[in-house]
Every structure is written in C-alpha cells, then in structure tokens.
Number of protein chains: 2
Amino acid sequence: MNLVTRYAIRAGSYHDSVVLMQLQRALAGLPGVMDAGVVMATPVNRELLSAGGLEVGDAGPDDLLISIKGESEAAAAEALSRVDALLKVRGVESMGEFRPRSLASALKQLPEARWVSISIPGRYTAAVAEEALDAGRNVFLYSDNVPIDREVALKRKAREKGLLVMGPDCGTAMLGGVGFGFANRVRRGDIGLVGASGTGLQAIMSHIHTLGAGISQAIGTGGRDLSAEVGGMTAMQGLDLLRRDPETRVIVLVAKPPAPEVASRLLAFARSVGKPVVVHFLGAPLPGRRLGNLCFAASLSEAAELAVESGDSPETGDPIEGHVRGLFSGGTLAYEAMHGLSAFLSPKEYTIVDLGADEFTVGRLHPMIDQDLRIRKLRQETGGIVLLDVVLGEGSHADPAGELAPVIEHIKAEVLVIVIGTDEDPQGLAVQIETLAKAGARVFRTVNEAVEWIFLHRKSAEEDLLPVPLEAAQGPVINIGLDLFHADLQVDWRPPAGGNEKLAGILARMKG
Amino acid sequence: MNLVTRYAIRAGSYHDSVVLMQLQRALAGLPGVMDAGVVMATPVNRELLSAGGLEVGDAGPDDLLISIKGESEAAAAEALSRVDALLKVRGVESMGEFRPRSLASALKQLPEARWVSISIPGRYTAAVAEEALDAGRNVFLYSDNVPIDREVALKRKAREKGLLVMGPDCGTAMLGGVGFGFANRVRRGDIGLVGASGTGLQAIMSHIHTLGAGISQAIGTGGRDLSAEVGGMTAMQGLDLLRRDPETRVIVLVAKPPAPEVASRLLAFARSVGKPVVVHFLGAPLPGRRLGNLCFAASLSEAAELAVESGDSPETGDPIEGHVRGLFSGGTLAYEAMHGLSAFLSPKEYTIVDLGADEFTVGRLHPMIDQDLRIRKLRQETGGIVLLDVVLGEGSHADPAGELAPVIEHIKAEVLVIVIGTDEDPQGLAVQIETLAKAGARVFRTVNEAVEWIFLHRKSAEEDLLPVPLEAAQGPVINIGLDLFHADLQVDWRPPAGGNEKLAGILARMKG
C-alpha cells in the first residue's frame, strides 16, 4: 500500500490542550487515516512525528502542526479539510450548560467556594491566582511555567492572609476528602501529607490505602517551594496546618532534596509539631533512621509503610542553647556526626573538627593515641554542647577517659561523649564509661544516639506565619482550566483576546 | 604567680611522633613546669600553643618547636636544658632487645610472615611497601601522605600478584582474628567487612560485638580506594576474598561515597557474591532499603544491626541483556527509578525519560492524560527492558492499560509496568493490571519492586583480578613503625641518613 502524507500549519495562538488531543483522536479515527499528529511544532515534537513517518514541513515552535498519514491522497486531503469543523465541536458542546466566563462571576455564583483550582497555561496563571487570593480564596495551581518571582509574590501574599497556594506545578492534593488535580481515591484516615512532588504524593497515598490505612489531608506545594528563593513557605504552612488538624495523627513530608538551608529549617520546624513525621527527601542522603519524632524513609513505598507503622514520638528535653562543637579523633565518626547535625542545624549552629585530619597530624601522633591537641582545644570551650568521641581498642590511648575526665569536670558546657569499643578492649569499657559519667559527661554508644539527644534538646522552632484556618480543609472548588479535574463550579475560561498577545496588549492599554 | 615562658627551635629533620609525645609528657611532668608544647611549628600548631599562652617565636612548619611555661625562669630554663637528654631516652630503651633494622633482615628472621604493617612517615612508605610486595607479602599501610599515583602503582602490582594492599591511610583491619593498626577486640563470628573508613569499621565491628555476634575478617582499603583513580582495587579484592571465605556468611561494605562509576561497579560485583551484603556509603543517598542480596543502611550502627539480622539472599533470575529504558508519565516515579538504577548500572546502560517534563508538554496535555507521545516512543523500542508507569485516579486517562496493551503486545522487549493506584480508582485497578499482564507486561506496585527485578536479572559482574589466597587471612605480621601496633616482629626502622634529605640524596647517588 502506498501511504500518502500531508500536513497543515496554523500560525500559533491559544489552543486548549484538551481540544488538540480530541482533534488528534478524531483525525486518527477518520476512514483511510493511518496516523495523525496534532502538536505545537517544537523541536522535540517535530523529531517525534518525523520518526513516525509524518511530515513536519517548516513549522516553528509557536505553530500548530497538523500532520496526516493516509491510505490515499483523497483520504489525507479529506482529513485536513475537516480540521476546522472538528476544532469547533468542543465549543459547541460546552454551550449546553451555563458556565461563568471569569473568576469574578464564578465567585458570585458560588460565594461559599474556598478554593480556586487553576490549570490554564502558565503565562496567564499568576494574574488569576492573585485575583483569587485578593478575593480571600485558597489556590491550587496545576499550571507550570509560572516565573519564580511571581510564585514568591503569590505565596507571600497568601501567607499574610492565612491562605494556601499549592503550586505552581502542583499535580495533586486532597483536602477534606476532595481531590485536586490528579487524585487517587483513597480511604480517609489519620495520615496527613505535605509534598513537593506530585506522583510522589500519589504513590505514597495509594500505598497507604493499599496497606489498609487512610489519609486526612494531602497538601501539595509545587516542586519549587523548597528552593532557597521560595523558602518552603507552603510546606511550613502545611506542616502547621497538619500540626493543628485533629484528624491528623502522623505526618509524611515528601520532596525532592530541598535547598540545604530550607531542609534544616523544615526539619527543625517538623521537630516542633508534636506528632511523628516521616521524612522522605528523594535521592538525598538520610541523616540516620530516626531523630526524635522524625523518621527517614529511603523510598516512596517505605515512607507509606513507616507512616502506617508509626507509633508515639519521644519526649523532648529542656532545651540547651548555644553552639554545638565536636572535637573528634575518629574521622568517620566526625563525618557521621556532621552529617546528622546538618539535617536540623544551620551551618552557624555547629562546628565539627576532625583532629585526625592531615593538618593536625604533622609530626604528631593520631589523636586516638595523643589527646594533647584535643585537651588544649577542650579547655577553650565556654558553653553550649561539646561532642567528643573516645575510641578504645588495641593501639589506642591506654586511658583516654582518665585523661579527659579532669578537663570535662571543669568545662562550662554540656559534654556528650560517644564511646566506641567492646567489653574485651584493653582500656576496660565499663571503667571508661564510668569515669566519663562521673566527670559529668553524657555517654552514648553510637553517633546517632548522641545526635538524637542534641535534636531533642534544641529549643522549639517557630515560623513567622498566620495560621491557615482548619476550615481550608473543606469547601467548594471553583475550577478554571482542565475540566477533567474536580470542580463544584467550572469556569469556561478563555485567554484575553483569544490568546492573541498583541490584541490583548491593545485591549489592556484601552482599559488603562 | 608570675609565669615565665621560654622556647627552643630545632631545625627540622626526622622525629618519631612517639618520641615527641613522650618528650612533651616528660617536660610537662618536670617540677615547676606548668605547661609544655612539643610540636612541628605548623600554623595550626602555632595558633594552638599561642592560645594556651605558650610562646612560638618565628619557628616554621619544618621546625620542631619546644615551648615551656614555668613557675620561674630557672624552672623553664632547666626544662629546656633537659630536652636533648630526654630525646635520647627512647633510643636507649629500645637497645634492650634485638630488633632488625630493615624489612630484608626482618624477613630473614621471620620468613613465614605473610603481612607487613607499615606506619612510618608517608614519604618513606611507598618504597617499603613495594619492597614487601616484591617479597610476596601482603601490606597494611597505616601511613597517610602517600601520593595517589604511588597508591595506584602499588595496588596494580598487588593485584597482579594476588596480594592485598590495605591502605594507605588505613586505620584498622582484622584478619584471622589478628588486629592491624587500631583494633577493637571482638568476638570471632561470621560477619566479614570491607571498609574504606577506619573508625567506621571500628564502630560497626564494636557494635556487632555488642549485639552478640562476631567478625570473620575485616579488610581495610584506605580512604581513597573507591576514588575514580584507584577504582576500588582493594575493595573488589576484599569482596572476592569474603565471597570465597567459608567463615563469612554475610558481608558489610562501608565507605564514604565512592566515585559514581566505582559505586555502580562495586554494587554490580556485590550482587554476584552470593551472600547478603549490607552497604553503607556514609552521607550518600540510599537507592532504597533493599536490592536483591544488598541492603542499605543509613548509619554505622544500623549497618551492624542489619548484618546481625541478615537472612538469606533472594534468588537471581535468568539474565536479560540490553538497555533499560524508562518512559514515565510521573516525574517523581521517573526520578526514583533513575536513582535506583544508577546504584548498579553505568550511565550507558539505562535511560529514563520523564514525559511530563516541560520540553514534552508544550501545547500538549500531561502524559497521564494523553499517552500519544509515549506510545510513539514505545513503538520505537527494539529490545532490552522497557519500564513504564501507569498512574490511575481522578483526572488521569480513563483506560491507560487498554491503550498501552496493543503496543506492549507487539514490542520485542521485556516490559515492566509500575501501576500506581487504588482499588477505588475509577479506571479499576484489577482490570488495569490484568489488561497489562495479558499483553505480556510484568506488573509491579512500587518503583522499588521493579528496580529490584531489574537488579536480579542482570548478568553476573566479574572483576579482572587474581584471587588473594584465603591463607592471607592468617599469618605472622612484621611491623615497621609505631610499636603500639600489633607485631610478631618489630622492625627498628630509621629513615635513610636519619631523615636528612640532602644526605640521603648523596648516599643514594653513591650507591648508584
């Protein structure tokens, strides 16, 4: 069979993606049509259609390309001739019911709406979202391609008003049992989620459901919320909301790795929520398996499992203020402590020194043998928390605790000592521990335990935000954009001047 | 009391670190001496002595600085006058027994020695280590400051001879119950370790002992072994040795994060050892909790716990060759799959495409609604493994499996599909799974399970190395350097020409 290819190009203006998909399906279903492509002619799309044997002509990235592969010249030409008629079909269909054409008229029609869900093209999004916030409504922003400075401005405005902006580029959310965007149907339950990752949230929620448990709320933040620029504004509001939400017993926090300073602020805040928090930063190192009320998952499915199994949180202790300084003889122990502390402390709050590093050992024995350097540094400490390691065993100092104890006794800091060794080591494990404890040190057997003790003894972290009322987790949704998504009221949104930017500019100037 | 400070400077040459430590202790113990510092006058050491109120003069980093704080002029002067006498003490003491002065004479005295342990200053180390390898002995290198090209050369030579070089900068090891360097006394047992981290190995071994289990062998590699330059030569030999060692039931692999290409080779090799392997790369992201016979720990103590609890390894399946290509609709799912595969595949072996990324969605609906792009790409697949996700729920495609099935049926690749959804989702979870399975796809409910299936179906990884005989895990040790460390025979090593580099050069030329 001799296949015939034909194409048409329409100079770009606004095209609803659903309409384009429907056009493509309609064309592909016509008699004698083997394949049809309806795409914006970006390089990626051109390449893909070419690979499938479709013609792409010289269409540019702003052009709509309609390409047909037919069994005959006549079939291909007939298909192309039907394009305009097919493009009109949806417009006619949506005339069947009355739909408001703007957010303002939608709000008049459904004044009790608490949420506005927006899935129109990115460049139109911020203005509509701002209009919604100004009207006192929370915003779910499915759209991407919103500039980050607009995101920051929207979220600042929301925070000042006690409103939520979930997104931009937020794929899913669930509040009061109502799903936003792409939403799996899940059992209601006592697990609340905050997520900067759409299908990540979906995977965890589905897995929780499969395990027999359920969801209280799932708050999406959009993928950039935990960047340094945005600073986790929505995530902090979300944690705060779930902290107060009586339906939420345990919280899951999932995201691609946040900016480091945002991550440590987020975990310091999560420490203060008084509920267990399962943390999964995808592809980021874990600071351990558990830190107080936080536990860390290594995968999406494990995050779900840990949330379902989660029990009570350990009690926090009286907070100890001041700097945390580690003076280590073991390089790996120093590294593990630094790694653990960096999860919840800012770089200004701690210093870890590895006294076995090259710079300290020129012409000097390893600090596991010769503690002179460490003792000199220890004498300079004046407060906060001092973290030491003592490594027993053959080859090491014969009595490290005995040498450290008199210094520890006189130091004006909380001293934590990690003792690594066995009950067969020549220094005598029990005696070493007892000597240190008598000198006033707190003794731990693993780095994790010491880091966790510090975690539990930092003062509560508060964020400067106006609480989002719990009622936000309920209430009707006005949907602007894709009518595949949940809507109590659908707005039949069109871009200004039908997407013609030049005309829109003239109209805007005329209004002004 | 008026304290008096005095100091002396000795132009640098070789000083045994133990002698310096003993000198400092002896000086500090003299009557009327309040504090004494004996250090190479590096900037760090100068700063530290100054902070303690000791004088540092204009001593440079190659100079030996002896600084005294005394109760009186006389006491300080008296202390300084004793320096030369004190420096001679250790020399006299060691005259009491006969000690060989060179490796060659030590080997004559103890020809059955299998190991040479070296803890002399770094610049002298490589030559002695090479001499040991040429004599057919394994080497434990405690010393640091060995140039990396020398390390590579030593390890290549060792690999060709079926010998081990543990180090340089190797803090600990244990073979056949004998500890090298700093070594905790631990119960013998069935857990073998390979570690590129000294106190990391010590912490894990001690914790294993505390948990009631024991150690078969612990092989140190030195901190740079897993760098791209060295390529994990010792670690691979170590894994291979423990694979064959009948005393080893489970293996622990601990290191700071390796170079990525070394990490994936190492884990691919670890997959093939036929024993459970607990992996802990400190501060590195985990690819999940478990991949076949590998499980991943988030801390040193957890590595010990997982090793003690470790059960049987799952069976591997028939290997499937070829490229692994992921065509994902969910960005986070794509990210998790990529992260998991990167743990054991090289970048050439897999490609993960997130079809929801901006470049693919210009004027196009999200691939969770519109699968056209994915189907076009899928038709181009010709072999290997294809990995897909199907995300159900409200807002998503009404029947994604039904649309994919006819394409999957005709594709000449192994197709794995991760289905995310619940039994309440509108598409019907059971029907979606059944449709995919009938089309020949393997269906998984989490990303992890799919990644693990791929892990279990890769062909065995082999390394080009001459096996180190199991007898290496036994045998007398000749110790060159610090006599704090284990020795069956101690060498009374001195640097050529007493450490005077100029003189050593002249002597070398005269020999030549």
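Each chain has its residues counted from 1, following the order in which its sequence is written. Ligands are numbered from 1 and chains lettered from A, in the order in which they are written. Only residues with pLDDT of at least 70 get local features here, since the model is predicted, and only at 80 or more are side-chain atom pairs given and counted; chain-wide, interface and lining totals rely on the full set of residues. Hydrogen atoms and water are omitted, and side-chain values are computed over all heavy atoms in the structure.

Caption draft 1: View of the overall build of chain A. Check the secondary structure of chain A and you find 17 helices and 21 strands. The globule rule used here is 2.2 Å times the number of residues to the 0.38 power, and the radius of gyration it is set against is calculated over C-alpha atoms. For chain A, whose C-alpha radius of gyration is 30 Å, the value lies well above the compact-globule estimate of 24 Å for 512 residues. For chain A, the C-alpha atoms occupy an extent of roughly 95 × 55 × 50 Å along the three principal directions. Accessibility here uses a 1.4 Å probe with only protein chains present; expressed as a share of the type maximum, an area under 20% marks a residue as buried, one over 50% as exposed, and anything in between as partly exposed. Sorting the 512 residues of chain A into buried and exposed places 59% on the buried side. Any pair of residues with heavy atoms lying within 4.5 Å of one another is described as a contacting pair. Pairs at least 24 apart in sequence give 72% of the contacts found in chain A among residues at least 6 apart. Helix numbers and strand numbers start at the N terminus; a helix is a DSSP run of H or I with at least 4 residues, a strand a run of E with at least 2.

Caption draft 2: Geometry of the pattern of salt bridges. All names here are of chain A. Salt bridge, as used here, is a side-chain nitrogen of Lys or Arg placed within 4 Å of a carboxyl oxygen of Asp or Glu. By the definition in use, this model includes 63 salt bridges over all chains. Between R10 and D84 there is a salt bridge whose closest N-O contact spans 2.6 Å. With R10 in strand β1 (residues 4–10) and D84 in helix α4 (residues 83–93), this pair connects stretches of sequence that are 74 residues apart. Here E130 and R150 are joined by a salt bridge, their closest N and O atoms 3.9 Å apart. Here the residue E130 occupies a position in helix α6 (residues 122–134), and R150 occupies one in helix α7 (residues 148–161), the gap between them amounting to 20 residues.

Caption draft 3: Local environment of the side chain of A:R271. All names here are of chain A. Structurally, the position occupied by R271 is in helix α10 (residues 260–271). Under the counting rule used here, the positive set is Lys and Arg, the negative set is Asp and Glu, and His together with the chain ends is not counted. An unpaired buried charge is present at R271: no salt bridge exists, and E349, the closest side chain of opposite charge, is 7.3 Å distant. Here a polar contact is taken to be a pair of N or O atoms separated by no more than 3.5 Å, where protein atoms must pair a possible hydrogen donor with a possible acceptor and residues adjacent in sequence count only if both atoms sit in side chains. A polar contact is formed between the side chain of R271 and the backbone oxygen of K459, at a distance of 2.7 Å. Ignoring any residue separated from it by four or fewer positions in sequence, one finds R271 in contact with N293, L294, F344, F455, R458, K459, S460 and A461.

Caption draft 4: Expanded view of the packing of aromatic side chains. Here a pair means two rings of Phe, Tyr or Trp (six-membered ring of Trp) with centres within 6.5 Å. Their orientation is stacked below 30 degrees between planes, edge-to-face above 60, and tilted elsewhere. Evaluation of the coordinates by the stated rule reveals 14 aromatic pairs over all chains. Here B:F140 and B:F180 contribute two aromatic rings whose centre-to-centre distance is 5.3 Å and whose plane-to-plane angle is 40°, an arrangement assigned as tilted. Here B:F140, found in strand β5 (residues 138–141), pairs with B:F180, found in strand β8 (residues 178–181); they are 40 residues apart in sequence, far enough to count as distant. Relative accessible area serves as the criterion here: at 0%, B:F140 is assigned to the buried category. Chaining the aromatic ring pairs together yields one cluster made of A:W115, A:F140 and A:F180. To sit over a ring, a charge needs its Lys NZ or Arg CZ within 6 Å of the ring centre and within 35 degrees of the ring normal. A cation sits over an aromatic face here: A:R271 above A:F455, 5.4 Å from the ring centre.

Caption draft 5: Molecular detail of the nonpolar core. Counting 204 residues, the largest nonpolar core has A:L341 and A:F344 as the members making the most contacts within it. Among residues more than four places away in sequence, those in contact with A:L341 are A:V324, A:Y350, A:I352, A:L387, A:V451 and A:I454. With 27 residues, the next largest nonpolar core counts A:L388, A:V419, A:A441 and B:L48 among its residues. Nonpolar cores were defined as sets of buried Ala, Val, Leu, Ile, Met, Phe, Trp, Tyr and Cys residues, with membership established by side-chain atoms within 4.5 Å.

Caption draft 6: Molecular detail of the packing of helix α8 (residues 198–210) of chain B against helix α11 (residues 300–309) of chain B. Residue and element names in this part refer to chain B. The axes used here are C-alpha line fits, helices contributing only the stretch in contact, and every angle between their N-to-C directions lies in the interval 0 to 180 degrees. Remark: α8 packs on α11, axes separated minimally by 8 Å, with the N-to-C direction vectors making an angle of 45°. Comparing their axes, α11 and α8 come out oblique. Judged by the sense of rotation from one axis to the other, the crossing of α8 with α11 is right-handed. Together, G200, A203, I204, H207 and I208 of α8 and L300, S301, A303, A304, E305 and V308 of α11 make up the contact between the two elements. Here the term charged refers only to Asp, Glu, Lys and Arg, the term nonpolar to Ala, Val, Leu, Ile, Met, Phe, Trp, Tyr, Cys and Pro, and the term polar to all other amino acids, Gly among them. Across the contact of α8 with α11, the residue classes tally to seven nonpolar, three polar and one charged. Roughly parallel covers angles under 35 degrees, roughly antiparallel covers those over 145, roughly perpendicular covers 65 to 115, and oblique covers all other angles. Each crossing is labelled by how the near helix is turned from the far one, with a counterclockwise turn of less than a right angle marking it left-handed and a clockwise turn marking it right-handed.

Caption draft 7: Focus on the interface of chain B and chain A. The interface is formed by 97 residues belonging to chain B together with 97 residues belonging to chain A. Accessible area that two parts lose when put together, with a 1.4 Å probe and added across both, is what the buried area reports. Here chain B packs against chain A, burying approximately 7700 Å² in sum over the two surfaces, 56% of which is carbon and sulfur. Area buried by chain B at its contact with chain A is led by B:R185, B:R376 and B:E394, which between them contribute 9% of it. Our count for the contact surface shared by chain B and chain A stands at seven salt bridges. Residue A:R376 is joined to B:D35 by a salt bridge in which the shortest nitrogen-to-oxygen separation is 2.9 Å. Between chain B and chain A we count 32 residue pairs in polar contact (both at pLDDT 80 or more) in total. The set of elements that each furnish at least two residues to the side of chain B that touches chain A consists of α1 (17–28), β2 (33–40), α2 (43–51), α8, α11, α12 (331–342) and α13 (372–379) of chain B. Per-element accounting of the side of chain B that touches chain A gives the leading share, nine residues, to α8(B).

Caption draft 8: Representation of the sheet that holds strand β18 (residues 414–420) of chain A in the model. All names here are of chain A. Should DSSP find at least two bridges between two strands, the strands are taken to pair. Reading across from one edge, β16-β15-β17-β18-β19 is the order of the five strands in this open sheet, with parallel pairing throughout. Each edge of the open sheet carries a strand with a single partner, namely β16 (350–354) and β19 (442–444). Between one strand axis and the next, the sheet turns by 20° as a mean value, whatever way the strands run. Sheet analysis places strand β15 (residues 324–328) next to strand β17 (residues 385–391), joined by four bridges and oriented parallel. Bridging from a neighbouring strand, G326 pairs with L387 of β17. Along the sheet face, helix α13 (residues 372–379) touches β15 and β17 and points at about 165° away from the line of β17. Each of β17, β18 and β19 is contacted by helix α15 (residues 429–438), which is oriented at about 175° to β18, the strand it contacts most.

Caption draft 9: Summary view of the side chain of B:S396. The topology assignment puts B:S396 in the loop between β17 (385–391) and α14 (400–409). Beyond its immediate sequence surroundings of up to four residues, B:S396 is in contact with A:F182, B:M368, B:V391 and B:Q427.

Caption draft 10: Up close: the environment of A:Q427. Residues and elements named next belong to chain A. Within the secondary structure, Q427 is located in the loop between β18 and α15. In this structure the C-alpha to C-alpha distance between Q427 and I191, which are 236 residues apart in sequence, comes to 49 Å. From its side chain, Q427 meets the backbone oxygen of G393 in a polar contact 3.0 Å long. Among the polar contacts made by the side chain of Q427, one reaches the main-chain carbonyl oxygen of H397 at a distance of 2.9 Å.

Caption draft 11: Molecular detail of the packing of helix α7 (residues 148–161) of chain B against helix α9 (residues 233–244) of chain B. Residue and element names in this part refer to chain B. At a minimum axis separation of 10 Å, α7 and α9 run at an interaxial angle of 30°. In terms of orientation, α7 lies roughly parallel with respect to α9. Residues V152, K155, R156, A158 and R159 of α7 lie in contact with α9, whose contacting residues are M233, T234 and Q237. Taken together, the residues of the contact of α7 with α9 sort by class into three nonpolar, two polar and three charged.

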